[in-house]
Amino acid sequence: KGPVKLHNVIADLPGKDLPDEYVIVGGHIDSWDGATGAMDNGTGVAAAIEAARILTQAGVKPRRTIRFMVWSGEEQGLLGSMAYVKANPDLMKKISAVLVDDGGTNYISGIMATDSMVNDFEQVFAPVKDLDSTKPFKIQKVPFLPPIIGSDQDSFLRAGVPGFYWVQSEAGYDHIHHTQFDTYDGVKADDQKHSSLVIALAAYGL
């Protein structure tokens with residue numbers, strides 16, 4: 001019986017020019033208990049942590065602060081990210097983008113962008129397109145960012161913050177998520193490494 005205390009986990013890579021502006025990278029730390037939550041959302045959390053390690057080890061000095069966040073209570077209705085947004089209303093106008101990895105283990109193959117974002121995204125993701133010819137990346141033009149995908153970027157979108165849910169290749173979402181098949185043996189190591197690098201480059205570029 002509840003209530004059950006939940007915790008978001010936050011770490012910052014400080015910005016050198018605009019430290020009070022943010023790009024947020026994250027996933028959710030909770031899962032359903034039908035299996036082990038490996039892909040929903042262990043892979044997303046691992047990719048965020050690895051992106052943080054890559055950027056820290058590389059010694060990069062981003063202009064804005066890159067905030068790495070893993071939220072809890074996502075499976076109960078985005079509780080962790082909604083609570084963060086509600087507790088920090090003045091911060092929302094200082095967030096350039098929120099990048100959420102919650103699609104499983106397959107490599108990141110694209111991102112959605114409105115017309116006004118495309119030129120900036122072409123610059124940001126130019127290095128990504130040259131990473132691996134077997135893992136193509138595409139910027140998908142959309143009239144608006146969809147606000148009801150069902151992961152933590154939705155909480156930020158509702159507050160007027162650009163929130164992005166990565167497009168992933170052959171994610172097998174319906175077979176794995178919230179089922180007994182969400183186990184560690186389905187995780188693809190090469191795709192995880194690739195996605196972590198894509199996330200790191202995106203966060204730094206933005």
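Whatever comes next refers back to the structure up there.
Counting of residues starts from 1 at the beginning of each chain's written sequence and follows it residue by residue. Local features in this predicted model are restricted to residues whose pLDDT is 70 or higher, and side-chain atom pairs enter the listing and the counts only when it is 80 or higher, whereas totals over whole chains, interfaces and linings include all residues. To obtain the side-chain values, all non-hydrogen atoms of the structure were included, while hydrogens and water were left out.

1. Regarding the sheet that holds strand β5 (residues 108–113)
- Ordered in space as β6-β5-β8, the three strands form an open sheet in which the pairing is mixed. The open sheet has two free edges, formed respectively by β6 (138–141) and β8 (167–168), since each of these has just one partner strand.
- Paired strands, in this sense, are two strands between which DSSP finds at least two bridges. Numbering of helices and strands runs from the N terminus, with a helix taken as a DSSP run of H or I at least four residues long and a strand as a DSSP run of E at least two residues long. Where β5 meets β6, four bridges bridge the pair, whose relative direction is parallel. From the neighbouring strand, Gly110 faces β6, where its bridge partner is Lys138.

2. Some details on empty space enclosed by the protein
- Cavity: a set of points on a 1 Å grid over the protein atoms alone where a 1.4 Å probe fits but cannot get out. Pocket: an open set with protein on both sides within 12 Å along at least five of seven lines, its lining residues, like those of a cavity, having an atom within 4 Å of a point. Grid points are joined across faces, edges and corners, and a volume is the space filled by probe spheres set on the points. Under the counting rule described, the total for this entry stands at two cavities of 30 Å³ or more.
- In this structure, the largest cavity occupies an estimated 40 Å³ of space.
- Every residue lining the largest cavity is listed: Ser31, Trp32, Ala35, Thr36, Gly37, Asp40, His178, Thr179 and Asp182.
- Looking at the lining of the largest cavity residue by residue, the classes come out as two nonpolar, five polar and two charged.
- Here the second largest cavity is characterised by a volume of approximately 40 Å³. Note on residue categories: nonpolar means Ala, Val, Leu, Ile, Met, Phe, Trp, Tyr, Cys or Pro, charged means Asp, Glu, Lys or Arg, and polar means any other residue, Gly included.

3. Some details on the environment of Pro146
- With respect to the element layout, Pro146 can be found in the loop between β6 and α5 (153–157).
- Only protein chains enter the accessibility calculation, which uses a 1.4 Å probe; a residue whose area is less than 20% of its type maximum is buried, one above 50% is exposed, and one in between is partly exposed. Assessed through its relative accessible area of 25%, Pro146 is described here as partly exposed.
- For the pair formed by Pro146 and Gly163, sequence separation is 17 residues and the distance between their alpha carbons is 8.9 Å.
- Any pair of residues with heavy atoms lying within 4.5 Å of one another is described as a contacting pair. Excluding its chain neighbours within four sequence positions, the residues that come into contact with Pro146 are Met112, Asp154 and Leu157.

4. Section: the nonpolar core
- Nonpolar cores were defined as sets of buried Ala, Val, Leu, Ile, Met, Phe, Trp, Tyr and Cys residues, with membership established by side-chain atoms within 4.5 Å. Counting 36 residues, the largest nonpolar core has Ile111, Phe125, Phe137 and Trp166 as the members making the most contacts within it.
- Secondary-structure elements contributing two or more residues to this core are β2 (18–28), α1 (38–58), β3 (64–71), β4 (95–100), β5, α3 (115–124) and α7 (189–205).
- Looking at this core element by element, the count peaks at six residues for α1.
- Once residues within four sequence positions are removed from consideration, Phe137 is found in contact with Ile108, Ser109, Gly110, Ile111, Phe125, Val128, Lys129, Trp166 and Val198.
- Ranked by size, the runner-up nonpolar core spans 13 residues in total, among them Tyr84, Ile95, Val100 and Val161.

5. Looking at α3
- Looking at α3, one finds that the buried residues are Met117, Val118, Phe121 and Val124. Relative to the axis of α3, the buried residues are bounded by an arc of 125° and lie together on one face. Along α3, exposed side chains directed more than 90 degrees from the buried face belong to Asp115, Ser116, Asn119 and Gln123. This arc is built from the directions going out from the helix axis to the C-beta atoms.

6. Some details on the pairing of β5
- Here β5 lies mainly inside the structure; six of its six residues are buried.
- As paired strands, β5 and β8 are joined by two bridges and run antiparallel to one another. Among the inter-strand pairings, Ile108 is bridged to a residue of β8, identified as Gln168.

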